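Structural features, examined
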Amino acid sequence: MIRLWGRANSINVQKVLWCAAELDLSVERIDAGGPHGGLDTPEFRALNPNAKVPCLDDGGFVLWESHAIIRYLARRYGNGRLTPADVEAQAIADQWIDWTVNEAWADLRPIFWGLVRTAQADRDNTAIEAHQRLLGRKLAIVDRWLADRPFIAGETLTIGDIPLGCLVYRWYAIDMPHRDLSNLRRWYDGLTTREGFQRFVMLPLS
Ligand SMILES: N[C@@H](CCC(=O)N[C@@H](CS)C(=O)NCC(=O)O)C(=O)O
């Protein structure tokens, strides 16, 4: 049995749940983190000493870090789905996973916290606007990349699309100006037709 600790509104938990849905895996999710608490207990710290979600237990094999988890699920259960066979395409999928976390999330995180989780009176609008500009420029890089391919690593959905898809959902869902990026939009619109994306990622922001 696959068990996953994590609250449904966490972007990192959503990546894992969407990945599992693409692989037709059944996952028992246990609410943890945020208002549910439960992370700072000896039992949970024995699973994940970082006291963070998501945390996976697959028949006794415990794993944390959302991107390690999606790579593991795809390799173990994918049978060719979500991980490209070609080593270069795999590297491209990995490249965009790392880019999403290290580059794009560095700008979306302060925008998300500022506009979704901070009261209007307490917002640092100058910083938020600076990150909006930076993120717009970074997403224009993805837009150019997607001009030549339907998905991030080629012809089919791979794990390379998953963290970025979750991030781009939030970008569009936040009420703010968005650059007109037609290739990104075409790719994103395709994601919104997928059942796992609708069910686990396209949730109200909170
Ligand atoms: N790099 C980690 C980040 C994990 C993380 O920061 N998780 C957040 C939720 S997105 C968390 O556990 N926050 C504490 C809480 O929810 O109470 C990953 O990708 O899994």
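Each remark here, short or long, concerns the structure printed above.
Not measured: the values here are computed from a predicted model. (Residues numbered from 1 in each chain as written. Predicted model: local features only at pLDDT ≥ 70, side-chain atom pairs only at ≥ 80, totals over all residues. Heavy atoms only, no water.)

This part takes up empty space enclosed by the protein. Remark: the empty space left among the atoms is shown by a probe the size of a water molecule rolled over them. In this structure the tally under the stated criterion is one cavity of 30 Å³ or more. In this structure, the largest cavity spans a volume of roughly 40 Å³. Asn9, Gln14, Tyr169, Arg170, Val201, Leu203, Pro204, Leu205 and Ser206 are the residues that line the largest cavity. Looking at side-chain class alone, the lining of the largest cavity contains five nonpolar, three polar and one charged residues. (1 Å grid on protein atoms, 1.4 Å probe; cavity = no way out; pocket = protein on both sides within 12 Å on 5 of 7 lines; lining within 4 Å. Points joined across faces, edges and corners; volume = space filled by probe spheres on them. Nonpolar A, V, L, I, M, F, W, Y, C, P; charged D, E, K, R; others polar.)

The strand order 2-1-3-4 describes an open sheet built from four strands, whose pairing is mixed. Either end of the sheet is taken by a strand with one partner, and the two such strands are strand 2 (27–30) and strand 4 (61–64). Going across the sheet, the axis of each strand differs from the next one's by a mean of 20 degrees, ignoring polarity. Pairing of strand 1 (residues 2–5) with strand 2, which is carried by four bridges, proceeds in the parallel orientation. In the sheet register, Ile2 faces strand 2, and the bridge partner there is Val27. Contacts between helix 3 (residues 66–77) and the sheet are confined to strand 1, strand 3 (55–58) and strand 4, with strand 4 contributing the most and set at about 135 degrees to the helix. (Pairing = 2+ DSSP bridges. Helix = DSSP H or I, 4+ residues; strand = E, 2+ residues; numbered from the N terminus. Axes fitted to C-alpha atoms, helices over the stretch in contact; angles between N-to-C directions. Contact = heavy atoms within 4.5 Å.)

Take unusual backbone geometry next. Along the chain, Val53 connects to Pro54 via a cis peptide bond; the corresponding omega equals 5 degrees. Along the chain, Pro54 falls in the loop between helix 2 (42–47) and strand 3. The backbone of Glu65 shows a phi angle near 80 degrees, a positive value even though the residue is not glycine. Residue Glu65 is classed as partly exposed on the basis of its relative accessible area of 49%. (Buried < 20%, exposed > 50% of the residue type's maximum accessible area, 1.4 Å probe, protein only.)

Further remarks concern the nonpolar core. Ranked by internal contacts, the top residues of the largest apolar core, which has 61 residues, are Leu73, Leu139, Val142, Val168, Trp171, Leu184 and Trp187. Sort the elements by how many residues they give to this core and helix 6 (residues 162–173) lands first, with eight residues. Structurally, this core is a two-domain feature, drawing no fewer than three residues from each of domain 1 (2–77) and domain 2 (87–200). Each residue touching Val168, except ones within four places of it in the same chain, is listed here: Leu139, Leu184, Trp187 and Tyr188. (Core = buried A, V, L, I, M, F, W, Y, C linked by side-chain atoms within 4.5 Å. Domains from an automatic or database assignment.)

So, about the site of the ligand. Inspection of the region around the ligand gives Arg7, Ser10, Asn12, Gly33, Gly34, Leu39, Lys52, Val53, Pro54, Glu65, Ser66 and His67 as its neighbouring residues. Arg7 has a polar side-chain atom sitting 2.8 Å from an oxygen atom of the ligand. Between the ligand and Ser66, the relevant distance is 2.7 Å, taken from an oxygen atom to a side-chain nitrogen or oxygen of the residue. In isolation the ligand has 510 Å² of accessible area, and contact with the protein removes 72% of it. At a threshold of 2 Å from the grid points, most atoms of the ligand map onto the largest pocket. Here the shell around the ligand is built from residues that sort into three nonpolar, six polar and three charged. (Near = heavy atom within 4 Å. Polar contact = N/O pair within 3.5 Å; in protein donor to acceptor, adjacent residues only side chain to side chain. Areas by Shrake-Rupley, 256 points an atom, 1.4 Å probe, with all protein chains shown as cover. Sits in = over half its atoms within 2 Å of the grid points.)

Two side chains with opposite charge may pair up if their charged atoms get near one another. The full count for this structure, using the stated rule, is ten salt bridges. The shortest N-O distance in the salt bridge between Asp24 and Arg81 comes to 3.0 Å. With a gap of 57 residues between them, Asp24 in the loop between helix 1 (11–22) and strand 2 and Arg81 in the loop between helix 3 and helix 4 (87–116) connect regions that are remote in the sequence. For Asp24, a relative accessible area of 63% corresponds to the exposed category. For Arg81, a relative accessible area of 33% gives the class partly exposed. With a shortest N-O distance of 2.7 Å, Arg45 and Asp40 are connected by a salt bridge. According to the relative accessible area criterion, Arg45 is partly exposed, its value standing at 37%. Linked through salt bridges whose partners overlap, the residues forming this network are Arg71, Asp94 and Asp98. (Salt bridge = Lys/Arg side-chain N within 4 Å of Asp/Glu carboxyl O.)

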